Amino acid sequence: MGAHESMEHAEHAEHASSSNRNIALLIAVIALFLALSEMLGKGAQTESLSKNVEASNLWAFFQAKSIRRTQIQTAAEQGKLALGTTTDEAAKAALAKQIDDWTKTAARYRNEPDTGEGSEQLAKRAKQAEAARDVATDKYHHYEYASAMFQIAIVLASATIITGMIWLAWLSGALLLAGIAMGGFGLFWPHLLHALHLH
C-alpha cells in the first residue's frame, strides 16, 4: 500500500469515525425523547385508569342515591294516600311530619350542594371525571405513537452505522421530529387523533 492510499484510508476512517459519533449523538437524543414519551405515556395511562375508577364510583353512588330517593318519594306518596284516610289527629300530625321529612330528604338526595353528594352533583362530578379520563386516554395514544416513532428512529440510526447508508440517518431524524410533534400534540392538542379518526 502506497503513502497516498494510506492517507486516503486514514481520512476515510476518520470521516467514518466522525460520522459514527454524530449518529451516536442522534441515537442519544432520540433515546432521551423516547424516555420522556414513555414517562408521559405512563402518567397519562395512570391518570386515565384513575379517572375511570373515579367516574365508575361516582356513577354507582349516583345510582344508589337515585334508588334511595325513589324509595323515599314512594313512601311519601303512600303516606299522602294514608293521610287522607287517617282520622286520628295525633296520627295525622305524626304522618304529616313524616311525609314532610321524607319530602325534604328526597329533595336533599337530589340536590346537596354543600356536600356535593346530591344526585345532580354526583352526575356532574362523574361527567367531569369521564371527560378527564378521555383527555388522559387521548394523551396516552399520542405518547404511544411518539414512542413507536422514536423506537423506529433508533433502529434506523443504528442501521446507518452498520450499513453506512446515510439516508437511513435522515429518515431517523425525520421520525425524531415526527415523534416530537406527536408528543407535543399529546401535551397541547390531545384530541387531534380523535378529530382525525386515527384511533
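What you see is a predicted model; the values in this text were computed from it and never measured. (Residues numbered from 1 in each chain as written. Predicted model: local features only at pLDDT ≥ 70, side-chain atom pairs only at ≥ 80, totals over all residues. Heavy atoms only, no water.)

## A short note on the overall build of the protein
- Looking only at helices and strands, one finds five helices and zero strands in the protein.
- Listed N to C, the secondary structure of the protein is α-α-α-α-α in terms of helices and strands.
- The 199 residues of the protein split such that 29% are buried.
- Restricting to contacts in the protein with at least 6 residues of sequence separation, those with at least 24 account for 74%.
- For the protein, the accessible surface area stands at approximately 12500 Å², while carbon and sulfur atoms represent 64% of it. (Helix = DSSP H or I, 4+ residues; strand = E, 2+ residues; numbered from the N terminus. Buried < 20%, exposed > 50% of the residue type's maximum accessible area, 1.4 Å probe, protein only. Contact = heavy atoms within 4.5 Å. Areas by Shrake-Rupley, 256 points an atom, 1.4 Å probe, with all protein chains shown as cover.)

## Points about helix H3 (residues 119–163)
- The first and last C-alpha atoms of H3 sit 65 Å apart over 45 residues, in line with the 66 Å expected at 1.5 Å per residue.
- Count one or two residues on from H3 and you reach glycine 164, which has phi positive near 80°. (Expected span 1.5 Å × (residues − 1).)

## Some points on the nonpolar core
- Core analysis: the largest hydrophobic core is formed by 14 residues, its most contacted members being Ile30 and Phe150.
- Going through the elements one at a time, helix H1 (3–85), H3 and helix H4 (166–188) are the ones with two or more residues in this core.
- If near-sequence neighbours (up to four positions away) are discounted, phenylalanine 150 is found in contact with Ile30, Phe33, Leu34, Ser37, Leu176, Gly179 and Ile180. (Core = buried A, V, L, I, M, F, W, Y, C linked by side-chain atoms within 4.5 Å.)

## What to know about the environment of tyrosine 109
- Turning to its location among the elements, tyrosine 109 is positioned in helix H2 (residues 89–110).
- Sequence separation between tyrosine 109 and glutamate 120 is eleven residues, and the spatial gap between their C-alpha atoms is 8.6 Å.
- Not counting chain neighbours up to four residues away, the residues in contact with tyrosine 109 comprise Lys65, Arg68, Arg69, Ile72, Gly118 and Ser119.

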